[in-house]
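# Fold and geometry: a report
One letter stands for each residue in the lines below.
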Amino acid sequence: TTRLTAPALRSRKGATPIVAITAYNTIMARLVDPHVDCILVGDSLAMVEHGMGSTLGASLELMIAHGRAVMAGASKALVVVDMPFGSYEASPADAFRAAARLMADTGCGAVKLEGGTGMAETIEFLAERGIPVMAHVGLTPQSMNALGGFRTQGHDEAGRDRILADARAVCDAGAFSVVLEGIVEPLAEAITRDIAAPTIGIGAAAACDGQILVLEDMLGLTEKAPRFVKRYAALGEAVDRAVSNYADEVRARDFPGPEHVYRPRA
Ligand code: KIV
Ligand code: NA
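Bear in mind the structure is a predicted one, so any value in this text is a computation, not a measurement.

Quick notes on the rules
- Residue indices begin from 1 for each chain and proceed along its sequence in written order.
- Throughout, the order in which chains and ligands are written sets their labels, letters from A for the former and numbers from 1 for the latter.
- It should be noted that, the model being predicted, local features are given only for residues of pLDDT at least 70 and side-chain atom pairs only at 80 or more, the latter also being counted only at that level, while totals for whole chains, interfaces and linings use all residues.
- The numbering of helices and of strands both runs from the N terminus, where a helix is a DSSP run of H or I of at least 4 residues and a strand a run of E of at least 2.
- Here exposure depends only on C-beta density: within 10 Å of a residue's C-beta, 20 or more other C-beta atoms make it buried, 12 or fewer make it exposed, and intermediate numbers make it partly exposed, the C-beta atoms being placed from the backbone.
- We call a residue near a molecule or strand when the C-beta position, derived from backbone atoms, sits within 6 Å of it.
- Residues are grouped as follows: Ala, Val, Leu, Ile, Met, Phe, Trp, Tyr, Cys and Pro are nonpolar; Asp, Glu, Lys and Arg are charged; all remaining types, including Gly, are polar.
- UniProt positions are given in the numbering used here, feature names are shortened, and annotations may be inferred rather than shown by experiment.
- Here the contact rule is simple: place C-beta atoms from the backbone, and any two residues whose C-beta atoms are within 7 Å are in contact.
- Two strands form a pair only when DSSP identifies at least two bridges running between them.
- The directions considered for the arc run from the helix axis to the C-beta atoms.
- Call a crossover right-handed when, viewed with both strands pointing away from you, the route from the first strand across the helix to the second goes clockwise.
- Under this scheme, a helix contributes an axis fitted over its contacting stretch, all axes are lines through C-alpha atoms, and angles between N-to-C directions fall in the 0 to 180 degree range.

Glancing now at the overall build of the protein. Scanning the protein from N- to C-terminus turns up 11 helices and 8 strands. Projected onto its principal axes, the C-alpha positions of the protein cover 75 × 40 × 35 Å. Within the protein, buried positions represent 44% of all 266 residues.

The next subject is the site of ligand 1. Around ligand 1 lies a shell formed by Thr22, Leu40, Gly42, Asp43, Ser44, Asp82, His136, Val179, Glu181, Ile202, Ile212 and Val214. The residue inventory of the shell around ligand 1, partitioned by class, reads 5 nonpolar, 4 polar and 3 charged.

Turning our eyes to something else, we now look at the environment of Arg162. For Arg162, the location among the structural elements is in helix H8 (residues 157-172). In the structure, Arg162 is positioned 80 residues away from Ala242 in sequence and 49 Å away in space, judged by C-alpha atoms.

Before going further, it helps to examine the UniProt feature "binding site: 3-methyl-2-oxobutanoate" (unreviewed entry) in the protein. Under the present numbering, the feature "binding site: 3-methyl-2-oxobutanoate" (unreviewed entry) in UniProt falls on Asp43, Ser44, Asp82 and Lys112. A maximum C-alpha distance of 12.4 Å places the annotated residues, which cover 70 residues in sequence, within one compact spot. Mapped onto the elements, Ser44 comes out in the loop between strand E2 (38-41) and helix H3 (45-48). Its 22 C-beta neighbours within 10 Å are what place Ser44 among the buried residues. When residues no more than four places from it in sequence are discounted, the contact partners of Ser44 are Thr22, Thr55 and Val214. In this fold, Asp82 is placed in strand E3 (residues 78-82).

What follows covers the UniProt feature "active site" (unreviewed entry) in the protein. Those places that UniProt annotates as "active site" (unreviewed entry) correspond, in this numbering, to Glu181. When you line up the elements, Glu181 lands in strand E6 (residues 177-181). Look at Glu181 and you get buried, because 22 C-beta atoms sit within 10 Å. Not counting residues within four places of it along the chain, the set of residues in contact with Glu181 comprises His136, Gly138, Leu139, Ile202, Gly203 and Ala204.

Attention shifts here to the pairing of strand E8 (residues 210-213). Strand direction decides the pairing type here: strand E1 (residues 18-22) and E8, joined by 4 bridges, are parallel. Note on E8: the bridge partner recorded for Ile21 is Leu213. Taken together, the 2 bridges between strand E7 (residues 199-202) and E8 define a ladder with parallel strand orientation. By the bridge assignment for E8, Gly201 is matched with Gln211.

A few words now on helix H9 (residues 185-194). An α-helix turns once per 3.6 residues; consequently, residues spaced three or four apart project the same way. Leu187, Ala188, Ile191 and Thr192 are the residues of H9 that are buried. Axial view of H9: buried residues confined to an arc of 135 degrees, hence all on one face. Exposed residues on H9 whose side chains face more than 90 degrees from its buried face are Pro186, Arg193 and Asp194. Buried residues along H9 sit against H8, E6 and E7.

The buried fraction of E1 is high, at 4 of 5 residues. In this sheet, E2 lies alongside E1 in parallel orientation, the contact comprising 3 bridges. Considered in E2, the bridge of Thr22 is made with Leu40. Assessed by its sense of winding, the connection that carries the chain from E1 through helix H2 (residues 26-32) to E2 is right-handed.

We now examine the sheet that holds strand E4 (residues 110-114). Backbone-to-backbone hydrogen bonds pair the strands of a sheet. The strands run either parallel or antiparallel. The strand order around the closed barrel built from 8 strands is E1-E2-E3-E4-E5-E6-E7-E8, with neighbouring strands paired in parallel fashion. Sheet twist, expressed as the average angle between the axes of neighbouring strands with direction ignored, equals 25 degrees. Across the sheet, H9 is in contact with E6 and E7; its angle to E7 comes to roughly 170 degrees.

Following the sequence through the fold, Leu62 ends up in helix H4 (residues 60-73). We classify Leu62 as partly exposed; it has 17 C-beta atoms within 10 Å.

Below you can see the structure in the form of structure tokens.
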């Protein structure tokens, strides 16, 4: 099988919806790969996988380690790795060095970074040097300290104008797709109509060109999930039941049973 490329994903605008999901490790990548177009190694792994309070603590080394693990399990989906906070904001040259390491060390097909008009120059710098960039506007978690928390965006006209300008700027700079996170539905619809690159929504609109969810959220593994998450499974409860049964059987000496132990051959 051949792997989906960033240009191929970009050409899906106006065709069938793009299916994206996050994964952080080999097992999950192997399970989601047959079903999705794009796997994002999101810096949400700082919170979901490493118990940090925000995404700001994700390092380049951590993203590389998880990016490698996901690449080992995925053969057909486009794998995109998030550029971590601090690795790309200061200058286009910094961003290029970090993105080049992410791509060279993981083999991923694209990187994602957060920001709009302020990141357009950087996106263009990377795109011109062979690095496909997925942009991310609206609720950008790496800016949570400046935004005042995880707040949905676009509730006033000035905010809506700013986010539309952000989406246009990153698209014009050469982003091959744009994640729209945590914005009011009519704004996500308007951006999707307005820009040439496909939009990938999360807490955005069904009208977006694609959707993305954090895998552990949609599987019911995370504790509390926001409004935009649909729970497609209750794996948290399944793990709780399985480990509880195991603990009971060990304490009762019911596990291991005769079928789980080795008898001498002679
Ligand atoms: O880090 C992440 O998981 C993301 C997606 C939610 C878009 O950036
Ligand atoms: Na992210």
